[in-house]
Structures are given as C-alpha cells and as structure tokens.
Amino acid sequence: MASKILIIGSSGQIGTELVLKLRQIYGNDNVIASDIRKGNYEVMESGPFEFLDVTNRSDIKEVLDKHKITEVYLMVAILSVIAEQNPQKAWELNMASLFNILELAKDGIIKKVFWPSSIAVFGPDTPKTNTPQDTIIKPSTVYGISKLAGENWCAYYKSKYGVDVRSLRYPGLISYKTTPGGGTTDYAVEIFYEAIKRKSYTCFLEEGTVLPMMYMDDAINATISLMEAALRDDYISYNIGAFSFSPKELGAAIKKQIPEFTMGYKPDSRQQIAETWPESIDDTQAKKDWGWEAKTDLDQMVITMLQGLHYTI
Ligand code: SER
C-alpha cells in the first residue's frame with residue numbers, strides 16, 4: 001500500500017496547492033489535509049480533511065493512527081510580519097509545531113517529514129547576491145530566528161535519532177489559489193489583485209528592493225522532488241532560486257500585460273525586514289543533489305497570475 005500523507009496547514013498558501021498536487025500524484029484518499037480552519041473548496045471536496053491543532057501532540061497522533069499516515073508535510077508558520085508583532089507567539093507556534101512532529105518521527109510513528117525553511121534565515125551580514133548554501137547566517141527577524149533554530153533542530157534529530165526530515169529555504173512564493181498572510185514578500189501577490197481591480201498598486205516596499213521569488217508550481221515541484229529523492233546522510237535545508245525582481249521590475253512586467261497599470265510606493269516597517277534578506281540565491285547544491293530546476297520565469301509567472309486571477313476575483 002502507498003504510504004499515506006498528512007499535510008498540516010492545508011488551508012494556507014503552500015498547503016492548499018501541495019494537497020492538490022499530492023492528491024493528483026498519490027490518489028485523493030492517500031493525502032489527508034488538515035488545518036485549524038477550513039480550506040478552499042477544491043481541498044475540502046477532493047479528499048479527506050481533519051480539523052487539527054498542530055500544538056496538540058496527542059491530537060496529531062490520533063489523526064496519524066486513524067489514517068495510518070507515515071509521511072507529514074508541516075506547512076504551518078507565523079510569517080515574518082506577524083512574527084515581529086508578536087514574537088513570543090510566533091516562536092511558540094513555529095517551534096512547538098516542529099517539535100511535535102520531530103518527536104513523533106523520533107518515536108517511529110512518522111517515517112518521513114517535510115519542514116519548510118526560508119530565505120529569512122539569512123540576515124544583514126549574509127552576502128546579498130548569489131547567497132551561498134553555507135554562509136554567514138545571523139537572522140535579525142523573529143521569523144528568521146525561528147527558521148534557523150528549526151534547521152538546527154532538524155539537523156539534530158536527523159543525526160541523533162536518524163529522523164528523515166527534509167527542508168527547503170523557500171524564497172517569496174507567488175500564487176493565486178490562496179492568498180499568503182503576514183509575509184514581507186506578500187506584495188508580489190497583492191499587486192496582481194490590485195492590477196486587475198484598480199489598475200494601480202501602492203507598494204509597501206521601496207521600488208528598488210530586490211528579493212528572490214518563485215512561482216508556486218516550481219515550489220511545489222521542488223518540495224515533492226526533494227521528498228522523493230534518495231536520502232542523504234546529513235540534513236541540508238536547501239537553497240532554491242527561480243528569479244529575482246524589485247517592485248519596480250514586477251510593475252514593469254505587469255505593465256506589459258496591462259498598459260494602464262501604474263505604481264506608487266509607501267514603504268513601511270516591512271522595508272526593514274526586506275533589507276536584511278538576500279537579493280538572489282545560489283542553488284547549485286539542490287541542482288547537484290536532486291536535479292532542481294525552476295521552470296517558470298518572471299514573464300510567464302505574470303501571465304499565469306493575471307489569467308488565474310481574472311477568473312477568481
Ligand atoms: N514569504 C515569507 C515572508 O515574507 C518569507 O519566507 O515572511
């Protein structure tokens with residue numbers, strides 16, 4: 001029998017699309033969605049769903065036992081902007097969720113874990129362009145601190161207890177099925193809604209702030225490829241890159257499709273977070289180890305977003 005998969009955080013930006021893709025590959029009944037809140041219609045209707053609070057270990061265990069699950073994708077986190085507003089809550093949720101899953105894996109109940117890290121692990125001292133896999137990693141945000149601690153805990157559980165846990169450092173992710181919430185890179189999604197509705201957008205980052213970004217399909221493919229790859233002896237949280245742009249460059253790419261589109265800028269506290277993150281990512285290690293390659297470029301992403309959203313908003 002195929003191993004059954006649980007996605008925790010299936011109503012979130014990544015979780016939603018991950019569930020749908022995994023169901024396509026492994027079959028609807030083999031992929032169990034779970035969250036504290038309902039998800040989108042497609043997720044709720046296409047296969048099993050459980051309400052689940054990731055901070056409650058015995059509830060997680062109950063769901064694992066009920067569905068005979070062996071693989072978990074833990075797609076729950078308080079992102080960078082909300083984490084700055086409530087550091088303790090972000091730390092507690094981001095770490096408690098990870099510990100619960102790592103402990104269940106240590107006990108042999110879960111055989112394989114995916115846990116996402118982020119470009120937020122990098123900080124102001126990290127080289128900004130082509131940021132290497134191994135470099136100075138001193139995050140200056142609460143979210144980044146929780147992701148770096150998480151990477152270290154994953155490495156610990158892997159080397160000490162042999163837990164099979166795998167990670168990617170996602171860049172800003174752009175998608176239209178579910179909106180992101182509370183992140184610094186969210187402008188790159190918001191902009192499309194406003195471009196369609198109002199033909200203009202006021203960005204909360206300065207026009208020249210370059211960040212690494214990726215279209216969701218590539219992020220989902222990276223995630224599944226990594227989970228299917230041969231197991232390495234050591235834990236690595238892989239850098240993955242696709243394209244980088246500033247708000248101004250994204251605006252120009254949208255203007256190619258919507259000539260009336262205009263942009264303004266009103267930077268707020270999110271600017272300080274963005275300034276500590278890389279502009280571009282060196283993902284040689286991921287390419288070498290499991291054949292990672294991004295397929296969608298900036299112009300294709302813009303066209304797909306505009307087409308996708310036209311039908312949903
Ligand atoms: N997209 C995230 C954020 O902006 C970064 O991982 O918080």
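The structure under discussion appears in the preceding block.
Residues numbered from 1 in each chain as written. Predicted model: local features only at pLDDT ≥ 70, side-chain atom pairs only at ≥ 80, totals over all residues. Heavy atoms only, no water.

Asker: Even after reading the chapter, I still don't get helix H7 (residues 187-197), so can you show me in this structure?
Answerer: Since the α-helix packs 3.6 residues into each turn, any two residues three or four apart lie on the same face. In terms of burial, H7 is largely enclosed, as 9 of its 11 residues are buried. Of all the residues in H7, the buried ones are Tyr187, Ala188, Val189, Ile191, Phe192, Tyr193, Glu194, Ala195 and Ile196. (Buried < 20%, exposed > 50% of the residue type's maximum accessible area, 1.4 Å probe, protein only. Helix = DSSP H or I, 4+ residues; strand = E, 2+ residues; numbered from the N terminus.)

Asker: Any chance you could explain the site of the ligand here in plain terms?
Answerer: In the neighbourhood of the ligand, the contacting residues comprise Leu79, Ser80, Ser118, Tyr143, Gly183, Thr184, Thr185 and Trp277. Here an oxygen atom of the ligand sits 2.7 Å away from a polar atom, N or O, in the side chain of Ser118. For the ligand, whose free accessible area comes to 240 Å², the fraction covered by protein is 93%. For the shell around the ligand, a count of residues per class yields 3 nonpolar, 5 polar and no charged. (Near = heavy atom within 4 Å. Polar contact = N/O pair within 3.5 Å; in protein donor to acceptor, adjacent residues only side chain to side chain. Areas by Shrake-Rupley, 256 points an atom, 1.4 Å probe, with all protein chains shown as cover. Nonpolar A, V, L, I, M, F, W, Y, C, P; charged D, E, K, R; others polar.)

Asker: How should unusual backbone geometry be read in this particular structure?
Answerer: Where the residue is not glycine, phi is negative for most of them; where a peptide bond is considered, it is trans in most cases. One non-glycine residue, Lys68, lies in positive phi territory at about 55°. A positive phi angle is found at Asn130, which is not glycine, with a value near 50°. Inspection of the secondary structure puts Asn130 in the loop between strand E6 (117-118) and helix H6 (142-161). Since its relative accessible area comes to 47%, Asn130 is described here as partly exposed.

Asker: Help me understand the environment of Ala83, please; the structure alone is not making it clear to me.
Answerer: With respect to the helices and strands, Ala83 occurs in helix H4 (residues 80-85). With 94 residues separating them in the primary sequence, Ala83 and Lys177 have C-alpha atoms 24 Å apart. Setting aside chain neighbours within four positions, we find Ala83 in contact with Ile78, Ala90, Val142 and Tyr143. (Contact = heavy atoms within 4.5 Å.)

Asker: Hey, could you run me through the pattern of salt bridges in this one?
Answerer: Counted under the stated rule, the structure contains 12 salt bridges. Between Asp125 and Lys138 there is a salt bridge, with the nearest N and O atoms lying 3.5 Å from each other. Pair noted here: Asp125 is in the loop between E6 and H6 and Lys138 is in the loop between E6 and H6, with a separation of 13 residues, a long-range link. A single salt-bridge network, built from bridges that share partners, covers Arg232, Asp234 and Asp289. (Salt bridge = Lys/Arg side-chain N within 4 Å of Asp/Glu carboxyl O.)

Asker: Can you walk me through the sheet that holds strand E10 (residues 211-215) in this structure?
Answerer: Each strand in a sheet pairs with its neighbour through backbone hydrogen bonds, running either in the same direction (parallel) or in the opposite one (antiparallel). As summarised here, the arrangement of the 3 strands in space is E8-E10-E12, forming an open sheet in which the pairing is mixed. Whereas interior strands pair on both sides, the edge strands pair on one side only; in this sheet they are strand E8 (172-174) and strand E12 (243-245). The mean angle between the axes of side-by-side strands here comes to 45°, regardless of whether they run parallel or antiparallel. Sheet analysis places E8 next to E10, joined by 3 bridges and oriented parallel. The partner of Gly172 across the bridge, within E10, is Met213. Sitting on the sheet, helix H8 (residues 216-228) is in contact with E8 and E10, with an inclination near 80° to E10. (Pairing = 2+ DSSP bridges. Axes fitted to C-alpha atoms, helices over the stretch in contact; angles between N-to-C directions.)

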